[in-house]
Amino acid sequence: MALPEALRQAVAAVAADLPPHDLSALSARLSAAYRGGTPPPRLTPDLAAAYAAVRLPATFAAAQAALSQLRNRLPDWHPTSTVDVGAGPGTAVWAAAAVWPEISRATLLEREEAMVALGQRLRPPVPRTEWVQADLRTAWRADPADLVMASYVLGEVEDAANLVARLWGLTTGALVLIEPGTPAGFQRIRAARAHLVALGAHIAAPCPHGGDCPMAGGDWCHFAERVERSAAHRRAKGGALGYEDEKFSFVAAARLEPVPSAGRVLRHPQVRRGHVLLQACTPDGLQRLTRTRSDGERYRAARDLRWGSELR
Ligand SMILES: C[S@@+](CC[C@H](N)C(=O)[O-])C[C@H]1O[C@@H](n2cnc3c(N)ncnc32)[C@H](O)[C@@H]1O
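Considerations on the overall build of the protein chain
Across its full length, the protein chain holds 10 helices and 12 strands. Relative to a compact globule of 312 residues, whose C-alpha radius of gyration would be 20 Å, the protein chain shows 19 Å and is just as compact. Reported as C-alpha extents along the three principal axes, the dimensions of the protein chain are approximately 60 × 45 × 35 Å. Residue burial in the protein chain is summarised as follows: out of 312 residues, 45% are buried. Here the contacts in the protein chain between residues at least 6 apart in sequence split such that 70% fall between residues at least 24 apart.

So, in structure tokens, the structure goes:
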């Protein structure tokens, strides 16, 4: 997945302001912090710039994929307003605007001054954009919005359950929560999902149903997006690979009932001679499916499915 051209250029300009060795050291600090589960304590302008260069493309790809799944389950829903909490440099708002260009009002709530300044420099493509520098642990307020998002944030707050309930209260259409695609990230999503169901939400994505999550036995529901690495990113990571795979878990909860889904593909489909093997979450639970030539159109459709696709 590639960034929108305006964002790609803006991020490249931010990265160009940092000497390569600084970007490399800053990127290593960010990676170590996120790997260790302890986000950087205070984000300096340089760390924020490094976040834009090395993490934003990946979190953008995850957000765009999650929001696209939501759009496919709510095809007649057209959000025009959004609230993004723990917005960082506004990544999720950029993704939301790519999925629903009709979004005309965005409120971005972020604790770190450096992130707010960076986000203002990147300028999300939404006509009315308000940045609010606030800490989610203290008093904060935002007007209700059609689409509410918290992308890669739940793991950074102490009382995620309370935050989820507050965010749902602000949501007039759909709430999207995204976390790293790790067992710990998935557990946070799973807990939030159960909480939202108890609050009366419809689960629109990735799940094809609103019943109990059937994932068990140490497995975790996650998806992956391939992300192109910019030249600055390759220099920062000192690697030759032109891409990386961002793994993420998420849930999208909606006020409207989503269109029915046959299921969600949970692993890379295995395309063999004359048949395709699929692992999917379906309204009847987790299933291993085989589509063979004798399935006709369903077999042909299965050959085009990918990890994260809606089952056809
Ligand atoms: C991993 S970054 C994610 C940024 C962005 N949402 C994205 O997807 O790229 C987490 C962001 O949440 C912000 N954050 C963490 N705790 C917060 C809090 N208590 N109040 C407000 N923002 C917070 C951090 O400053 C950081 O910008």
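Topic: the domain arrangement of the protein chain
Split by domain assignment, the protein chain resolves into domain 1 (5-254) and domain 2 (264-304). Placing a centre on the C-alpha atoms of domain 1 and another on those of domain 2 gives a separation of 30 Å. Taken residue by residue, the interface counts 6 residues in domain 1 and 7 residues in domain 2. The residue makeup of the side of domain 1 that touches domain 2, split by class, is 5 nonpolar, 1 polar and no charged.

Focus: the site of the ligand
The ligand sits among 20 residues. The nearest are Gly 86, Gly 88, Thr 91, Arg 111 and Ser 151. Of all the secondary-structure elements, those providing two or more residues to the shell around the ligand are helix H4 (56-73) and helix H5 (91-99). A class-by-class count of the residues in the shell around the ligand yields 9 nonpolar, 5 polar and 6 charged.

Digging into the nonpolar core
In this structure, Ala 53, Ala 66, Val 176 and Ala 252 are the most contacted members of the largest nonpolar core, which totals 94 residues. With 10 residues, H4 is the single largest residue contributor to this core. When neighbours within four sequence positions are excluded, Ala 53 is seen to be in contact with Val 11, Val 14, Ala 15, Leu 23, Ser 230, Ala 232, His 233 and Ala 236.

Side note on the environment of Leu 47
Residue position: Leu 47 is located in helix H3 (residues 45-54). Leu 47 sits in the buried class, given 21 other C-beta atoms within 10 Å. Along the primary structure Leu 47 and Leu 30 are separated by 17 residues, whereas in three dimensions their C-alpha atoms are 7.5 Å apart.

Remarks on the packing of H3 against helix H6 (residues 113-122)
The angle between the axes and the distance between the axes are what describe a pair of packed helices. For the pair H3 and H6, the least separation of the axes is 8 Å and the interaxial angle reads 50°. As far as their axial angle goes, H6 and H3 are oblique. Here H3 runs over H6; the crossing is right-handed. Seen from H3, the contacting residues are Pro 45, Ala 48, Ala 49 and Ala 52; seen from H6, they are Ala 114, Met 115, Ala 117 and Leu 118.

Brief notes about the packing of helix H1 (residues 5-16) against H3
Interhelical geometry of H1 versus H3 gives an angle of 135° and a closest axis separation of 9 Å. Between H1 and H3, the angle falls in the class oblique. As for the relative orientation of H1 and H3, their crossing is left-handed in sense. Listed contacts from H3 to Val 11, Val 14 and Ala 15 of H1 are Ala 49, Ala 52 and Ala 53. Among the residues making up the contact of H1 with H3, the classes are represented as 6 nonpolar, no polar and no charged.

A short note on unusual backbone geometry
For the bond running from Ala 205 to Pro 206, omega is -5°, close enough to zero to count as cis. For Pro 206, the location among the structural elements is in the loop between strand E6 (202-205) and strand E7 (223-228). With phi around 55°, Arg 123 is a residue other than glycine that occupies positive phi space. Inspection of the secondary structure assignment puts Arg 123 in the loop between H6 and strand E3 (128-133). A positive phi is found at Tyr 152, a non-glycine position, where the angle reads about 60°. With respect to the secondary-structure elements, Tyr 152 resides in the loop between strand E4 (145-151) and helix H7 (160-170).

Here's the deal with H3
The buried count for H3 comes to 8 of 10 residues, which makes it a mostly enclosed element. Three or more residues of H3 are buried, namely Leu 47, Ala 48, Ala 49, Ala 50, Tyr 51, Ala 52, Ala 53 and Val 54. Buried-residue contacts for H3 involve H1, helix H2 (20-35), H4, H6 and helix H9 (231-237).

Quick notes on the rules
- The residue numbers shown here count from 1 along each chain, following its written sequence.
- It should be noted that, the model being predicted, local features are given only for residues of pLDDT at least 70 and side-chain atom pairs only at 80 or more, the latter also being counted only at that level, while totals for whole chains, interfaces and linings use all residues.
- The helix count covers DSSP runs of H or I at least four residues long, the strand count covers runs of E at least two residues long, and both are numbered beginning at the N terminus.
- Restricting the calculation to C-alpha atoms gives the radius of gyration, and the globule rule supplies 2.2 Å times the number of residues raised to the power 0.38.
- Exposure criterion: with C-beta atoms placed from backbone coordinates, a residue whose C-beta has 20 or more other C-beta atoms within 10 Å is buried, one with 12 or fewer is exposed, and one in between is partly exposed.
- What counts as a contact is two residues whose backbone-derived C-beta atoms lie within 7 Å of each other.
- Delimitation of the domains relies on an automatic or database domain assignment.
- Ten residue types, Ala, Val, Leu, Ile, Met, Phe, Trp, Tyr, Cys and Pro, are classed as nonpolar, four, Asp, Glu, Lys and Arg, as charged, and the remainder, Gly among them, as polar.
- Here is the check we use: build the C-beta atom from the backbone, and if it is within 6 Å of the molecule or strand, call the residue near.
- Connectivity within a nonpolar core runs through C-beta atoms within 7 Å, and the core itself is a set of buried Ala, Val, Leu, Ile, Met, Phe, Trp, Tyr and Cys residues.
- Structural elements are reduced to axes, namely lines fitted to C-alpha atoms, with helices fitted over the stretch in contact, and the angle between N-to-C directions of any two is expressed from 0 to 180 degrees.
- Convention used here: angles under 35 degrees read as roughly parallel, angles over 145 as roughly antiparallel, angles from 65 to 115 as roughly perpendicular, and any remaining angle as oblique.
- Each crossing gets its hand from how the near helix is turned against the far one by less than a right angle, where anticlockwise is left-handed and clockwise is right-handed.

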